Amino acid sequence: MNDTTLTRISETLNMCLPEHINPHYCMAIIKIMLQTHGVDLCGPAAPRNSDGAGVYLIIRDDLLKIEVPVYTHRSKSGYQITLVRNTILIHGRPLLVEFERPYFSHEAKIDGVSFRDICNVEYDGHLALTANHGCLYFKQGNACRFCSIPQWRDAEDRSLKRLINASTLAISLGEVKHLSLTTGTAPGADRGIRSILTVLSSLKETARIAGMPIFAEFEPPKELEWLDMLRQAGVTTISCNLEFLTPARRAHYMPGKAKIPFEHYLQVWERAVLLFGRGQVFSNILMAEDDIPLPNQLSSEELKAMVSVGVIPSPGPLYPDPASELANAMLPSVQDQVSFLVGTANLLYSENLDPRQALAGCHRNGSYSAINQFYAARTADFEMDTSPLSRLEWAE
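Counting of residues starts from 1 at the beginning of each chain's written sequence and follows it residue by residue. Only residues with pLDDT of at least 70 are given local features in this predicted model, and only at 80 or more are side-chain atom pairs given and counted; all residues enter the totals for whole chains, interfaces and linings. Computation of side-chain values: all heavy atoms of the structure, hydrogens and water removed.

The name recorded for the chain in an unreviewed UniProt entry is Radical SAM core domain-containing protein, from Rahnella perminowiae.

With that out of the way, let us pick up the overall build of the chain. Segments assigned H or I by DSSP are reported as helices when at least four residues long, segments assigned E as strands when at least two residues long, and all are numbered from the N terminus. Summing up its helical and strand segments, the chain has 12 helices and 16 strands in all. Taken over 396 residues, the chain has a buried fraction of 56%. Partitioning the intrachain contacts of the chain with sequence separation of at least 6 by distance along the chain shows that 74% fall at a separation of at least 24. Accessible surface computed for the chain: about 16900 Å², of which carbon and sulfur atoms make up 49%. Each residue gets one of three labels from its accessible area relative to the maximum for its type: buried under 20%, exposed over 50%, partly exposed in between, using a 1.4 Å probe on protein chains only. Contact between two residues is taken to exist if any of their heavy atoms lie within 4.5 Å; hydrogens are not considered. Values of accessible area rely on a 1.4 Å probe in the Shrake-Rupley scheme; residue burial ignores everything except the protein chains shown.

Note on pairing: side chains with opposite charge can pair once their charged atoms come close. In the sections that follow, a salt bridge refers to a side-chain nitrogen of Lys or Arg positioned within 4 Å of a carboxyl oxygen of Asp or Glu. Considering all chains together, one arrives at four salt bridges under this definition. With its nearest N and O atoms 3.1 Å apart, the salt bridge here joins R191 to E219. With a gap of 28 residues between them, R191 in the loop between strand 12 (178–183) and helix 5 (193–206) and E219 in the loop between strand 13 (214–217) and helix 6 (225–232) connect regions that are remote in the sequence. Of the two residues, R191 and E219, both sit in the buried class. The shortest N-O distance in the salt bridge between R356 and D354 comes to 3.0 Å. Residue R356 is classed as partly exposed on the basis of its relative accessible area, which comes to 40%.

Assignment of secondary structure puts A170 in helix 4 (residues 160–172). A relative accessible area of 0% means that A170 is categorised as buried. Placed 45 residues apart in sequence, A170 and G125 show a C-alpha to C-alpha distance of 9.6 Å.

A few words now on the packing of aromatic side chains. For this analysis, a ring pair means two rings from Phe, Tyr or Trp (six-membered ring only for Trp) whose centres lie within 6.5 Å, classed as stacked if their planes differ by under 30 degrees, edge-to-face if by over 60, and tilted for the remaining angles. Within the structure shown, the criterion is met by five aromatic pairs. With a centroid separation of 5.5 Å and an interplanar angle of 50°, the aromatic rings of Y265 and W269 are classed as tilted. Pair noted here: Y265 and W269 are both in helix 8 (residues 262–276), with a separation of four residues, about one helical turn. The class for Y265 is buried, based on a relative accessible area of 1%. Clustering of aromatic rings is evident, with ring pairs tying together F146, F244 and Y253.

Among the six residues in strand 12, five count as buried, and that is most of the element. Bridge count between strand 11 (residues 126–132) and strand 12: six bridges; the pairing is parallel. Each bridged residue has a counterpart across the sheet, and for A128 the counterpart in strand 12 is S180. For two strands to be treated as a pair, DSSP must find at least two bridges joining them. Across four bridges, the pairing between strand 12 and strand 13 is parallel.

See the structure below:
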């Protein structure tokens, strides 16, 4: 991305960039700002997302993909994106930002059900599947406070047969380059991994996925042998998410899942790194309002232990479901988020853990977290000084 492009983007977003800023650093900050403040969608062609739902935007100059919250029913963001004849306008000015265009139209049907209601193929050839929509904690009344399960009205349409048929169609068209499967928490020692293995086994009978990078996301299994089964099934990259660094925050946000001791996470991560390799084991960290400011959490023992065993923390904003208990929760300031991500990137760099090496899944396309851009700035020997960030805040 050249300086002219950065200048055009910054002028469109009413931003003031310091001189000689590293382009990766600039794009990381733009990403955090869009994620923090969200966008209002205007115009008759705007997608009809519910308040707070995510939509993917792509800055085409370097294929930077950003997942941002969208508001269509009430104004919560000072930044409006208008869709006019397939041209994106921000504040009425054109910018090389586009909505992600699905490979399949909304008219495409699998057994009478819309393809987009079964699975999703994203712009970089990422086929995203959910193997199991159920959750043990939700059934027990200990659901995470940001839980979105009550909004999954189309879950009954995602039977295994339809999931396999839709996935096979997508793969047969040659658009799929990597595959991801996630699952809700299930009872039993596998904690949901069994459903991922079932989907992969069925898919191998109908589609050519040999050699395709595969990502799996799940809760720590009680028995580590389930990790071996994933590797034997062809999984290349995994994410076993801690979500929050401190036990108190985990208990606050996730009353059920918080009962998993941190020591068990370490056991699972250590085994996973042996199986999948350094650079292929991730753990999402949710950035939310906290009694302990985000920058202060950089010194947490959990973060240090995670990186020391070869796991890559992937910090991203907490987007509560609009119908959840935390629907109106606020994100930390842009300054605090940047400081935390800068510190995380420096920590990863010191351990030679490159988040950009992910072979599959959301960590490969980097839509959720800005850690890839901050790491790229660090490897370019750019001094990531967060002190002048006040000049990069949204203009009111």
